Amino acid sequence: MPLPRREAAPAKLNLSLHVTGRRADGYHLLDSLVVFLELGDVVTVAPGPLSLSLTGPFAQGLAAEPDNLCLRAARLAGREARITLEKNLPVASGIGGGSADAAVVLRALDARPERPETLGADLPACLAGRPLRMRGLGEILVPLPPLPQLHVLLVNPGRGLPTPAVFKALAQRDNPPMPEPLPDFPDAPALIAFLQECRNDLEAPAIALMPEIADCLAAIRATGAALARMSGSGATCFGLFATAAQAQAARARIAGANPGWWVAASGLAPAKH
Ligand SMILES: C[C@@](CO)(OP(=O)(O)O)[C@H](O)COP(=O)(O)OP(=O)(O)OC[C@H]1O[C@@H](n2ccc(N)nc2=O)[C@H](O)[C@@H]1O
Ligand SMILES: Nc1ncnc2c1ncn2[C@@H]1O[C@H](COP(=O)(O)OP(=O)(O)O)[C@@H](O)[C@H]1O
């Protein structure tokens, strides 16, 4: 693929995240409904010796990162590249920014490593970049038919939450999966009604480590969202709304009352491939 390439790295959202078991090596078995958002980082990959420049509102959060996932992706591809990362997503926030960035680098370099998950459990899902049921450690992907449009509000309390600590704090590691097969989702209310029966099993341990997450969820519920839940291992929480205008109004209300929080509204990403 000709370089330079400038591509969106869409945020990942776990609409559900069931933890269904734990392997002997400590990794957990997951069952998750994953979607991607319009909102995301932007990665530019240009020819040149391997380097990374950081821009954007959350660049500072990665300044001390010894080995950015973008650079690790280029190395896994066995390629040199001059990479610029516009970091719009909060770091270590449960919406997969690092995996999304690495997926863009691999795609731009036309690399198809045998085990992309060595960069992160979310890498295979981010490479697919479409609505999925994600199982196993994150490597078993079942593509879903196009989903009804969802209007998403995102709220992060402004502090990173490392994924390993949240899995470690999980008390009950053997929880029921989502139904097999998944039902059809003819419209947004049907999808939301299904999601209300689902869970994020990492929510309780994440709240135990970072109580502000409960405040984010309460703030989302207070705006009248049809569903309020945490994504991934947190700390970002999301609310689902019937219209973009409602999501935007909730965004303005929560951002106004909580200046230290990161608050955003977004639709789902259009299908890529
Ligand atoms: C929890 C999820 C859900 O989508 O999302 P995030 O909160 O990170 O966005 C992912 O499984 C995370 O993916 P990713 O952030 O790429 O994880 P990795 O770097 O591979 O793993 C970080 C740590 O999480 C734990 N881990 C991760 C995946 C998994 N199936 N079981 C685990 O126990 C392990 O302790 C691992 O050392
Ligand atoms: N490009 C990147 N973007 C975000 N985090 C990165 C990146 N490269 C390396 N990291 C490291 O990966 C960790 C997980 O980041 P991130 O993907 O944002 O979170 P999460 O896995 O919770 O969605 C961060 O704490 C950071 O140390």
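Residues numbered from 1 in each chain as written. Chains lettered and ligands numbered in written order. Predicted model: local features only at pLDDT ≥ 70, side-chain atom pairs only at ≥ 80, totals over all residues. Heavy atoms only, no water.

Examining the site of ligand 2
Working step 1: Around ligand 2 there are 16 residues in total, and Glu65, Leu69, Gly94, Gly96 and Gly98 lie nearest to it.
Working step 2: Between ligand 2 and Gly94 there is a distance of 2.8 Å, counted from an oxygen atom to a backbone nitrogen or oxygen.
Working step 3: One of the backbone N or O atoms of Gly96 is found 2.6 Å from an oxygen atom in ligand 2.
Working step 4: Look at ligand 2: alone it shows 530 Å² of surface, and the protein chains cover 81% of it. (Near = heavy atom within 4 Å. Polar contact = N/O pair within 3.5 Å; in protein donor to acceptor, adjacent residues only side chain to side chain. Areas by Shrake-Rupley, 256 points an atom, 1.4 Å probe, with all protein chains shown as cover.)

Quick notes on unusual backbone geometry
Working step 1: Cis rather than trans, the peptide bond between Leu3 and Pro4 has omega equal to 5 degrees.
Working step 2: Assignment of secondary structure puts Pro4 in the segment before strand 1 (5–22).
Working step 3: Unusually for a residue other than glycine, Ala92 sits at a positive phi of about 55 degrees.
Working step 4: Among the structural elements, Ala92 can be located in the loop between strand 4 (82–86) and helix 2 (97–108).
Working step 5: For Asp110, which is not glycine, the phi torsion reads 60 degrees and is therefore positive. (Helix = DSSP H or I, 4+ residues; strand = E, 2+ residues; numbered from the N terminus.)

With respect to the sheet that holds strand 10 (residues 262–267)
Working step 1: Pairing is antiparallel across the open sheet formed by four strands, whose spatial order is 8-9-7-10. Each edge of the open sheet carries a strand with a single partner, namely strand 8 (227–230) and strand 10. When strand polarity is set aside, the average angle formed by the axes of neighbouring strands in this sheet is 20 degrees.
Working step 2: Direction of pairing for strand 7 (residues 151–156) relative to strand 9 (residues 237–241): antiparallel, over a ladder of five bridges. (Pairing = 2+ DSSP bridges. Axes fitted to C-alpha atoms, helices over the stretch in contact; angles between N-to-C directions.)

A closer look at the site of ligand 1
Working step 1: Around ligand 1, 20 residues are found, and the nearest of them are Lys12, His28, Ala121, Asp122 and Ser233.
Working step 2: Within the side chain of His28, one N or O atom sits 2.7 Å away from an oxygen atom of ligand 1.
Working step 3: Within the contact set of ligand 1, an oxygen atom lies 2.9 Å away from a side-chain nitrogen or oxygen of Asp122.
Working step 4: Against a free-state accessible area of 700 Å², the protein chains account for coverage of 83% of ligand 1.
Working step 5: Contributions of two or more residues to the shell around ligand 1 are made by strand 1, strand 2 (28–46) and helix 4 (163–169).

Examining helix 8 (residues 244–257)
Working step 1: With 14 residues, helix 8 extends 20 Å between its outermost C-alpha atoms, agreeing within 8% with the 20 Å of an ideal straight helix rising 1.5 Å per residue.
Working step 2: If you check which residues of helix 8 are buried, you get Ala247, Ala250 and Ile254. Across the axial projection of helix 8, the buried residues extend over an arc of 65 degrees, all falling on one side. Exposed side chains of helix 8 directed beyond 90 degrees from the buried face belong to Ala245 and Gly256.
Working step 3: Turning to helix 8, the residues buried within the fold contact strand 7, helix 7 (212–222), strand 9 and strand 10. (Expected span 1.5 Å × (residues − 1). Buried < 20%, exposed > 50% of the residue type's maximum accessible area, 1.4 Å probe, protein only. Arc of directions from axis to C-beta. Contact = heavy atoms within 4.5 Å.)

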